[in-house]
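# Descriptive analysis of the structure
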Amino acid sequence: MGVGLFNLSPVLAQNIDLSHGGQITVTALGGFDWDQNNKSVTAYDQAKAVRGNVTVTADRLVALYRKKAGSDDNKQPKPEEDAGQKNGGDITKNDSGSNEIYRLNAYGHVHIYTNTDQAWGDKAVYDIDQATLVLTGKNLKLTTPQNLMTAKDAMEYHSQTRMSVGRGDASVTNLKDGRRITADVLVGYSKPTDEKDPKVKSTPANNNDDMTRSSKLEKVNAFGNVVVRTQTETVRGDRGVYVPDTGIARVVGNVHITRGANQLNGNGAIINMKTGIAHMTESPGRRVQGLVVPNESNNQPK
């Protein structure tokens, strides 16, 4: 098994955030390829990168590195040291830790996780400078203790702004009660939690690490083909905003509320996802239209 260590400068941490902490440790069963010309290290076969509480596993990991500002670019490794590094040694050893990783690419069965949050995909690109993760592939998924986000085309996680983006038939589901909203694009904003996750034991290694804290979904903005489902109704529209704490969602633009064969059409609606009740809101100069079928049951619409 090979190991490579890289030193980076710490910045603000937010959950799945490789831009925070000290060294990044990379291990792999299949060994390493070190390309000094392109300044990259490739780890093969059950590759793993760890920094603080963040772990990335994949079939293949490619770390792109550069010289740290102020380091000696003219210093060359000795031949015997160079050979040792190609076999999976510490590539920062020869120049006193003067290299830093600025991007990590993961390919095949990608799994990124912390003590609280997890993400899955086929390919991941993590820009450490911007603290941005982009996942693509099939079965894209991002979970927190409270919510599940899925998407078909791409999923993004912006650590510095605590923003998660799902693109292509995206959905956010509350794992406790099953409340769900879907749209072409969903943008979720999380707020930092003041208290650490009680399930995570405090240790000298993580006692002061913000990544042991679980973020909480604060708001979700929905764009295009928005669908909100309650126990009895389905609400469709062009755009929407959902606040999980209150359970209130607002949908606007070509809104249709369906309950079995009953349907109301209008410009906007407010949905209480805790009670399952939706109200069509009035729009100046416009009428609310509807089709009401007598004796219609209250079954969940299909």
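Just above, that's the structure.
Right, let's walk through the structure included here. (Residues numbered from 1 in each chain as written. Predicted model: local features only at pLDDT ≥ 70, side-chain atom pairs only at ≥ 80, totals over all residues. Heavy atoms only, no water.)

The buried fraction of strand S11 (residues 154-158) amounts to 5 of the 5 residues, a majority that puts the element mostly inside the structure. Side-chain alternation along S11 places Ala154, Glu156 and His158 on one buried face and Met155 and Tyr157 on a second face that is also buried. With 5 bridges joining them, strand S8 (residues 132-136) and S11 adopt antiparallel strand pairing. When the bridges of S11 are listed, Thr132 appears paired with His158. Pairing of S11 with strand S12 (residues 163-174), which is carried by 5 bridges, proceeds in the antiparallel orientation. Looking across to S12, one finds that Ala154 is bridged to Arg167. Where S11 folds back onto S12 in an antiparallel hairpin, the turn is made up of 4 residues, including Arg162, whose phi is positive at roughly 55°. (Buried < 20%, exposed > 50% of the residue type's maximum accessible area, 1.4 Å probe, protein only. Helix = DSSP H or I, 4+ residues; strand = E, 2+ residues; numbered from the N terminus. Pairing = 2+ DSSP bridges.)

As defined by bridge partners, strand S15 (residues 234-243) adjoins strand S16 (residues 248-259) across 8 bridges and the pair is classed as antiparallel. Pairing of Arg239 across the sheet is with Val252, part of S16. Connecting S15 to the antiparallel partner S16 that follows it, the hairpin turn spans 4 residues, and Gly247 within it adopts a positive phi of roughly 75°. In terms of strand pairing, S16 meets strand S17 (residues 262-272) through 10 bridges, oriented antiparallel. Note on S17: the bridge partner recorded for Thr258 is Gln263. Counted along the chain from S16 to the antiparallel partner S17, the turn is 2 residues long, and its residue Gly260 has a positive phi close to 65°.

What follows covers the environment of Tyr242. One can find Tyr242 in strand S15. Counting along the chain gives 24 residues from Tyr242 to Glu218, while the straight-line C-alpha distance between them is 8.7 Å. Setting aside residues up to four positions removed in sequence, Tyr242 forms contacts with Arg179, Ile181, Lys219, Val220, Gly247, Ile248, Ala249 and Met273. Among the polar contacts listed, one links the side chain of Tyr242 to the side chain of Arg179, at a separation of 3.4 Å. (Contact = heavy atoms within 4.5 Å. Polar contact = N/O pair within 3.5 Å; in protein donor to acceptor, adjacent residues only side chain to side chain.)

Before going further, it helps to spend a moment on the nonpolar core. The nonpolar side chains of a soluble globular protein tend to be buried with one another. Counting 56 residues, the largest nonpolar core has Ile112, Val228 and Val235 as the members making the most contacts within it. Once residues within four sequence positions are removed from consideration, Val228 is found in contact with Arg180, Ile181, Glu233, Thr234, Val235, Ala249, Val251, Ile271 and Met273. (Core = buried A, V, L, I, M, F, W, Y, C linked by side-chain atoms within 4.5 Å.)

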